[in-house]
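Observations on the model geometry
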Amino acid sequence: MTTNAMARPAMSVQLVPEDRRAILENVLSALRKRFYSPEKLNGDWHAAVERHRAQIESAATADEFEKAMSDLLAELHTSHVGFFHSSARRASSRAALSAAYLADETPHGKRWIFQDVHSGGAASIAGIQPGDILLSVDGREMIPPEHPVFAMGRQAEVEIVGADDERRMVTVNVARPKGKKLHFVEPTLVETRQLGKGIGYLKVAMFPGMVGVEVANEITSAIAKLGAVESLIIDLRGNTGGGLAALRVMSLLTPDRIPVGFALDRRRMTANLESEKHEFRRFSRIPSSTKTLWLLAMQFAPAMMTKKPIVLQTEGLGKRPFHGKIALLVDRHTASAAEMIVAFARENRLATIVGEKTAGRLLSATSVKVGNGFRLALPTGAYYTWNRQAMYKRNSPKIQLIHWKC
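Keep in mind that what you see is a predicted model, and the values were worked out from it rather than measured.

1. Some thoughts on the packing of helix α1 (residues 17-34) against helix α3 (residues 62-73)
Across the interface, α1 lies against α3 with an axial gap of 12 Å and an inter-helix angle of 25°. When the axes of α1 and α3 are compared, the pair comes out roughly parallel. Of the two possible hands of crossing, α1 and α3 adopt the one that is right-handed. Within the contact between the two elements, α1 uses Arg20, Ile23, Leu24, Val27 and Leu31 and α3 uses Phe65, Met69, Leu72 and Leu73.

2. Thoughts on unusual backbone geometry
A cis amide bond links Pro144 with the next residue in sequence, Pro145, at an omega value of 15°. By secondary structure assignment, the location of Pro145 is in the loop between β6 (140-141) and β7 (149-151). In this model, Ser98 sits at a positive phi of 55°, which is unusual for a non-glycine residue. Relative to the helices and strands, Ser98 resides in the loop between α4 (93-96) and β3 (99-106). Unusually for a residue other than glycine, Asn372 sits at a positive phi of about 55°. On the secondary structure map, Asn372 appears in the loop between β18 (363-371) and β19 (374-385).

3. Topic: empty space enclosed by the protein
Considering all chains together, one arrives at one cavity of 30 Å³ or more under this definition. In this structure, the largest cavity spans a volume of roughly 30 Å³. What lines the largest cavity is Arg94, Ser98, Ala99, Ala100, Asp116, His118, Gly238 and Thr240.

What counts and how
Residues numbered from 1 in each chain as written. Predicted model: local features only at pLDDT ≥ 70, side-chain atom pairs only at ≥ 80, totals over all residues. Heavy atoms only, no water. Axes fitted to C-alpha atoms, helices over the stretch in contact; angles between N-to-C directions. Helix = DSSP H or I, 4+ residues; strand = E, 2+ residues; numbered from the N terminus. Parallel < 35°, antiparallel > 145°, perpendicular 65-115°, else oblique. Left-handed = near helix turned anticlockwise from the far one by under 90°. Contact = heavy atoms within 4.5 Å. 1 Å grid on protein atoms, 1.4 Å probe; cavity = no way out; pocket = protein on both sides within 12 Å on 5 of 7 lines; lining within 4 Å. Points joined across faces, edges and corners; volume = space filled by probe spheres on them.

Below you can see the structure in the form of structure tokens.
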């Protein structure tokens, strides 16, 4: 994500030319050592570095330096790449507002149009609805491709045009993040209802947490409340992904224990992977209580310490009346772990997939310190389905597009 210095408070970080050069070299070194796709660091990338170097090294402020570095990293054309200061308390609308939008022509010119607005999020609470047109944030006009960013723990004045074609200002309260590293505000995670004629509807906004015991339990409770529905719609539109709780949704698609896939660091790719994968440790059960997480830690610590792949496998929850009659709703904002669900369903023919190509953000990533409080976020491994289909591209050109009314 490239941010704009005028859209947020200036950083107080002081940098001298030697600092900027050293940070740039640290970023380049980290990419060479850990970037998941070394073939992208080719001649075009080296040319981009030289093209951006002067602007990076001569940046007058820390904000300009951050933007110049972000502009360079955008040349990699991949997700999960970012450059930010560890003191940053700001986020995109996807995280801060629990909302996503698309760029399109409107009566007000090319604008951002809200597409996914999750219940319980800051945008929804402020009265923003899907289809509303974003005009400005805190008096600054927002025209694509510039994205707005929001200071966490503050109010923002957002001007929109609603379905009635009337302009109005809404005050959005952007809460403080719950953690020091993850800058997001949780919306209502799980929603469910019956649509009549034996059709159940389940919407999951995201899968927070590494294991996600709480949201997995919410999903199970929601399905139980639906009763014996004969068909099921699972709505993953705008789902930003997250952690292992996505396995609970995949386990609802089949009664069996089926291997799903694994994340693979570039250093782990070998010619014998097809046979070696059967020896990888398998994660096939989300515990029902956080009190037993220490047992998981002990079980999987050796593999994690040696960075060996861990295969996800469905939990074997048993036969459900809706098996074979499931539809997954997806769009361009369906990302990360939610895309894993889509890939699994498609590969095993467990659901009809309805919607747009997904975001193409299914990568394992980390962040590293690069000096003076700055950090580089970068993808370190690609996700592979059990049949070794690399899923770091948008998923998928084969999605079935049909009309669905609910």
